[in-house]
Amino acid sequence: MGEYFSATALIQASYLVTAFLFVMGLKRMSSPVTARSGILWAGAGMLVATLATFFYPGMSNYPLILIAVAIGAAIAWISGKRVAMTDIPQMIALYNGMGGGAAAATLAVLGGIIGAVSFSGSLIAFGKLQGLIRKSLRFRGQQFLNLLVLALALVLGALIATGSNASVGAVTGLFGFSLLLGVSMTLPIGGADMPVVISLYNALTGLAVAFEGFVLGNAAMIIAGTVVGSAGTLLTQLMARAMNRSLGNVLFSGFGDSGGAVVAGAAVSGSLKPIDAADAGVMMAFAQKVIVVPGYGMAVAQAQHKVWELCQLLIDRGVIVRFAIHPVAGRMPGHMNVLLAEAGVPYDLIADLEEINSEFETADVALIIGANDVVNPVARNDRSSPIYGMPILNADKAKNVIVIKRGQGAGFSGIENALFYLDNTRMLYGDGQAVAAQLIAAVKSV
Amino acid sequence: MTGIIALYIFMLAAFTGYEVIAKVPVILHTPLMSGSNFVHGIVLVGAMVALGSATSPLEKVIGFIGVLLAAGNAVGGYAVTERMLEMFKSSRSQGAGKRGGRH
């Protein structure tokens, strides 16, 4: 009888509960209606597992454990609560790197290699998104060097795992090569592709945790790590597909660089036709349906609150307002939704590409703010363009298009936007937030 | 736990992860990535066991760093995910049908 009530059985039972709570939590996080409770479920699971682990047989060093948990938790809690919503991608990269580092520190060989790669790679990703690292390092034979480093790490790993050489030197070499691999894999990748890379490292950390779970015989770690590993891999593919790229293309081609060489493509004909805010405001106030297409430029200008205020005025006048979100609006898929949610936009006014694209034809006004490449019709019809084939929002099908833009110039990819030159397009120049305020005034005075 | 059982768990968990994410709308990609980032913070459990069984000073230092990083992963992932999901509201839940109710 006593065996059933042993500490080990209790711990195993707790881990089972944790695994259940994690899976349920993630499940709930995949629908906007239940998403909020999802993180609470998962959080409860983490709490249960952590508390149970204190009763693990043969544990010592409790003061050290408590101090380490307190320091790590305090730093992360404060930074997580303070970070601006626009900087979310790099914070995820940072926390992911911490997880990878922790997996590496637990000293199981395969998990260690993956964890170390994920650790250093995530830190580079963080540095790039935070603007600490601006250059993208590329040289000939880079892929070959990466393969060589990976091979060296694997050989050392095999030596250590089989017990033929478990010296401090071998272990140091293993982690040295793994860390180097993460750095050299990530450095050549441009800022625009970084979210895909972060998502990949997220999946890798999950796998590393699963491997640690194997070594420690810990089912909760195997389940949580594997679920994250497979879910993260799928999420990475979804993101890459949304950007019209294959994962291999993201990792090995180095296109997503904001350094932006001017890219060839058919020349665009026509002229840019400006409009002032008063006229644009009137146009929208008397429209039946307005579709707003926000891009990351809107978030940079901190214009989302003003834009929502404008939309509320329009809604009060009886105008139907929708927000059309391209999968890669913002800095990672879904980031724009977070930014709009922060401004108070209800999620049921927000539509994604497939939902909204047929609606542009019935819209009187498409208001483009801070978006560029994702509404560029050349992606549909110019085979020579580098963005040819990328799914775009069909804003050009709207009866009128108003483009809010800081000034004349090409988009993130350096590609000229044919939309701006169409007969039904008017350019509204100025800072996003200031222009939105002018539009509000214009609509109010109607 | 025998190896083969562990492999069964691995396989089933892989399918579970795939199925759970398969139907997620794009609007939740970022919070979900953040949420799954939080979930692999379970590495904290492994790090605690490693530090708990550490004897030499080197093991203790590495274990300490591991626990600190893992706690950061778990707590930071939670804080950021919770903040993001906190903001997702439908127009119905904003009440009074005053905003965005007409479509």
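Residues numbered from 1 in each chain as written. Chains lettered and ligands numbered in written order. Predicted model: local features only at pLDDT ≥ 70, side-chain atom pairs only at ≥ 80, totals over all residues. Heavy atoms only, no water.

So what exactly am I meant to see when it comes to a nonpolar patch on the surface here?
Residue and element names in this part refer to chain B. Taken together, Ile4, Ile5, Leu7, Tyr8, Met11, Leu12 and Phe15 make up a surface patch of nonpolar side chains, about 730 Å² in accessible area. You can see methionine 11 is positioned in helix α1 (residues 3-22). Residue methionine 11 is classed as partly exposed on the basis of its relative accessible area, which comes to 40%. (Patch = residues over 30% accessible without salt bridge, like charges linked within 9 Å, V, L, I, M, F, W, Y side chains within 5 Å. Areas by Shrake-Rupley, 256 points an atom, 1.4 Å probe, with all protein chains shown as cover. Salt bridge = Lys/Arg side-chain N within 4 Å of Asp/Glu carboxyl O. Helix = DSSP H or I, 4+ residues; strand = E, 2+ residues; numbered from the N terminus. Buried < 20%, exposed > 50% of the residue type's maximum accessible area, 1.4 Å probe, protein only.)

What am I meant to see in helix α8 (residues 194-216) of chain A here?
Given 3.6 residues per helical turn, the α-helix brings residues three or four places apart onto the same face. All names here are of chain A. Between its first and last C-alpha atoms α8 spans 32 Å; for 23 residues at 1.5 Å apiece the expected length is 33 Å, and the two agree. Most of α8 is tucked away: 17 of the 23 residues are buried. Glycine 217 sits one or two positions beyond α8 and adopts a positive phi of about 65 degrees. (Expected span 1.5 Å × (residues − 1).)

Where do I start with the packing of helix α13 (residues 304-316) of chain A against helix α14 (residues 335-343) of chain A in this structure?
Two quantities define a packed helix pair, namely the angle between the helix axes and the distance between the axes. Residue and element names in this part refer to chain A. Packing of α13 against α14 leaves a shortest axis separation of 8 Å and a crossing angle of 65 degrees. Put simply, α13 runs roughly perpendicular to α14. In terms of crossing hand, the pair formed by α13 and α14 is right-handed. Residues Gln304, His305 and Trp308 of α13 touch α14, and the partners they reach there are Leu339, Leu340, Glu342 and Ala343. Taken together, the residues of the contact of α13 with α14 sort by class into 4 nonpolar, 2 polar and 1 charged. (Axes fitted to C-alpha atoms, helices over the stretch in contact; angles between N-to-C directions. Parallel < 35°, antiparallel > 145°, perpendicular 65-115°, else oblique. Left-handed = near helix turned anticlockwise from the far one by under 90°. Contact = heavy atoms within 4.5 Å. Nonpolar A, V, L, I, M, F, W, Y, C, P; charged D, E, K, R; others polar.)

Can you walk me through the confidence of the model for chain B in this structure?
Interpretation of this model should avoid reading the predicted coordinates in detail wherever pLDDT is low. Residues and elements named next belong to chain B. Confidence along chain B averages 83 in pLDDT terms, with 86% of residues attaining 70 or more. The low-confidence segment residues 95-103, where pLDDT is below 50, has 17 contacts with residues more than four positions distant or belonging to other chains. Confidence metrics for the complex model read pTM 0.80 and ipTM 0.87. (pLDDT = per-residue confidence, 0-100.)

What am I meant to see in the interface of chain A and chain B here?
Interface size is commonly expressed as the accessible area that is lost once the parts come together. Taken together, the contacts link 104 residues of chain A with 79 residues of chain B. On the chain A side of the contact with chain B, Arg36, Ile39 and Met46 of chain A bury the most area, a combined 7% of that side's loss. At the boundary of chain A and chain B, one finds 2 salt bridges. Of the charged contacts in the structure, one is a salt bridge between glutamate 82 of chain B and lysine 81 of chain A, with a shortest N-O distance of 3.1 Å. Summed over the shared surface of chain A and chain B, the result is 17 residue pairs in polar contact (both at pLDDT 80 or more). A per-element tally of the side of chain A that touches chain B places helix α9 (residues 219-242) of chain A first, with 15 residues. Among the residues making up the side of chain A that touches chain B, the classes are represented as 65 nonpolar, 29 polar and 10 charged. (Buried area = accessible area lost by both parts, 1.4 Å probe. Polar contact = N/O pair within 3.5 Å; in protein donor to acceptor, adjacent residues only side chain to side chain.)

Help me out: how do you make sense of the packing of helix α3 (residues 62-82) of chain A against helix α4 (residues 57-86) of chain B in this one?
Two elements in contact, α3 of chain A and α4 of chain B, have axes whose closest approach is 7 Å; the angle formed by their N-to-C orientations is 30 degrees. Here α3 of chain A lies roughly parallel to α4 of chain B, going by the angle between them. At the point where α3 of chain A passes α4 of chain B, the crossing takes the right-handed sense. Taken together, the residues of the contact of α3 of chain A with α4 of chain B break down into 17 nonpolar, 4 polar and 5 charged.

What am I meant to see in the side chain of threonine 86 of chain A here?
For threonine 86 of chain A, the position within the fold is in the loop between α3 and α4 (88-105). In this structure threonine 86 of chain A touches Tyr296, Ala299, Gln302, Arg331, His335 and Leu339 of chain A, once residues within four positions along its chain are discounted.

What is the right way to look at the sheet that holds strand β5 (residues 400-405) of chain A in this model?
Whenever strands of a sheet pair, they do so through backbone hydrogen bonds, lying parallel or antiparallel. All names here are of chain A. With respect to topology, 6 strands assemble into an open sheet ordered β3-β2-β1-β4-β5-β6, the strand pairing being parallel. One side of each edge strand has no neighbouring strand; the edge strands of this open sheet are β3 (350-352) and β6 (425-429). This sheet shows a mean twist of 25 degrees between the axes of neighbouring strands, independent of strand direction. In this structure, strand β1 (residues 289-294) lies alongside strand β2 (residues 320-325), joined through 4 bridges in parallel fashion. Considered in β2, the bridge of valine 292 is made with phenylalanine 323. Across the sheet, helix α11 (residues 277-285) touches β1, β4 (365-369), β5 and β6, and the angle it forms with β5 is around 140 degrees. Of the strands in this sheet, β1, β2 and β4 are in contact with α13, which crosses β2 at around 145 degrees. (Pairing = 2+ DSSP bridges.)

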